[in-house]
Structures are given as structure tokens and as C-alpha cells.
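# Geometric and topological summary
Chain by chain, the residues:
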Amino acid sequence: MAVLDIRVLGDPILRTRTAPTPAVTEAVRALVADMFETMYAAEGIGLAAPQVGCSERVFVMDVDENPLAMINPEIIEREGSERAEEGCLSIPEIFGDVDRATRVVARATGLDGKPFEVELTDLAARCMQHELDHLDGKLFIDYMSLLKRKFTARKWEKEAASYPGFIRKLEPGKQRSRRSRSRDKSANSATAPFEPEL
Ligand SMILES: [Zn+2]
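Here we summarise the structure given alongside this text. Every value quoted in this text rests on a predicted model; they were computed, and no experiment measured them.

### Overview of the overall build of the protein chain
Tallying secondary structure elements over the protein chain gives 4 helices and 9 strands in all. Reading the helices (α) and strands (β) of the protein chain from amino to carboxyl end gives β-α-β-β-β-β-β-β-β-α-α-β-α. Residues classed as buried in the protein chain amount to 33% of the 198 residues present. Taking the intrachain contacts of the protein chain between residues at least 6 apart in sequence as the baseline, contacts between residues at least 24 apart amount to 69%.

### A word on the nonpolar core
Ranked by size, the top nonpolar core spans 42 residues in total, and within it Met 35, Ala 49, Phe 59, Val 60, Met 61 and Met 128 carry the most contacts. Looking at this core, the elements with two or more residues in it are helix H1 (26-41), strand S2 (46-48), strand S3 (58-62), strand S4 (67-79), strand S7 (103-109) and helix H2 (122-135). Tallying contributions element by element places H2 first for this core, with 6 residues. Not counting residues up to four positions away in its chain, the partners in contact with Met 35 are Leu 47, Ala 49, Val 52 and Val 60.

### Notes on the sheet that holds S2
If you walk across this open sheet you meet the 5 strands as S2-S3-S4-S7-S8, and the pairing is antiparallel. Taken across any chain shown, the strands that pair with only one partner, and hence form the sheet edges, are S2 and strand S8 (115-121). Strand-to-strand twist of the sheet, defined as the mean angle between neighbouring strand axes without regard to direction, takes the value 40°. Contacting S2, S3 and S4, H1 crosses the sheet at an angle of about 40° to S3.

### A few points about the environment of Glu 117
The topology assignment puts Glu 117 in strand S8. Here the alpha-carbon distance between Glu 117 and Val 105, two residues 12 residues apart in the chain, equals 6.8 Å.

### Here's the deal with unusual backbone geometry
Within the chain, Asp 64 stands out as a residue other than glycine whose phi angle is a positive 55°. The phi dihedral of Asp 122 falls on the positive side, at around 50°, and the residue is not glycine.

Quick notes on the rules
Residues numbered from 1 in each chain as written. Predicted model: local features only at pLDDT ≥ 70, side-chain atom pairs only at ≥ 80, totals over all residues. Helix = DSSP H or I, 4+ residues; strand = E, 2+ residues; numbered from the N terminus. Buried ≥ 20, exposed ≤ 12 C-beta atoms within 10 Å, placed from the backbone. Contact = placed C-beta atoms within 7 Å. Core = buried A, V, L, I, M, F, W, Y, C linked by C-beta atoms within 7 Å. Pairing = 2+ DSSP bridges. Axes fitted to C-alpha atoms, helices over the stretch in contact; angles between N-to-C directions.

As C-alpha cells, this is what we get:
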């Protein structure tokens, strides 16, 4: 297993819709294992294949210690709507509110090559919808108002200088800790939202 480099906003692969993954091969299983390792190293809760430079229709997620790998995922039921703040491992330091369904039923192929269905709610449902968007070349910033998108673009211009070639290298133990940042925020406000990076 290996920690992979993460592609950041500006890399065209993040804007490329993936084609269905034709079969769950050994290579796909190895990619999933590397994606889990990369997601944990980055302290994220979800990671889609285009974020590590692979145009496979695959993502991994882990909300509440429930690791899930989905190949060729689709949403077959959705219900409810909630607005909450999101972040993305491919757009560090940028956060924004997104409306998402609060409950989804997803269908996907598992690592064993067999189809399965899973019901996800709240943060897990949000994460699943965010990752599915990645597979269609869509990013959470696309949901922002025009004004907020302009502000975000200016902020990202400065952030992007830290990622030559649109590559974010993870050095275990060296990257900024999302968890400690969340704790800092909580100190200021008891109702500080959890900002998931997906
Ligand atoms: Zn993301």
C-alpha cells in the first residue's frame, strides 16, 4: 500500500467525468487500498479516484468508522435536504455551504465484484454525494453563489502557489491537522460546525 499524491483544483482530471470501471481487477483493489491509506493520511472522510489522478469510477469513504469502497456507484433514492459546510482534500483551506439530501440509498459494485446497496444518512449521505460528484467532474465550489465563487477563486490563487503542478504531497505527520483546526474553532464557538474534507 502507498500514500498517493492528491491532485488539487486546477488539475484537469478533477473536471473530467469518469467512465464506468469495467471490472474489479487486482489493479482496482490495489488502487482502493492505496486510496484508503491516502484518505487516512490526509485525515479526510472521503476520497475519489480522480483526486489521486485515476479516471476510475471509484471512491472510498469512512464516516463513523464505517469504511466503504464503491465502484460504479449510483444513488437510487434520495430524501430530505440540509445545508452544511463542506471542504475537499483537493481544495485545501476552502470551505462552503452545500445543500445535500439527508438520506440516500446507494447502489454500487463492491471489491468482491458483486453489487450491493447501502442506506446512508446525514454526514455519510453528504460524503457519498460529494464523492459521486467527483466522479462526474463536479466540485462542491460549483454550488456556491457567484459572489462566493469569485471570493474563493481569489483565495485559491494564493493557496494554489503551495501546490506546484497541482500536486499535494502528503508527508505523514507534517500536514496541518484538520482535527486540531476544528478544535481551535470550537474554542471560539460552541456551535462551530464540523468541516469535513472529502
Ligand atoms: Zn472532494
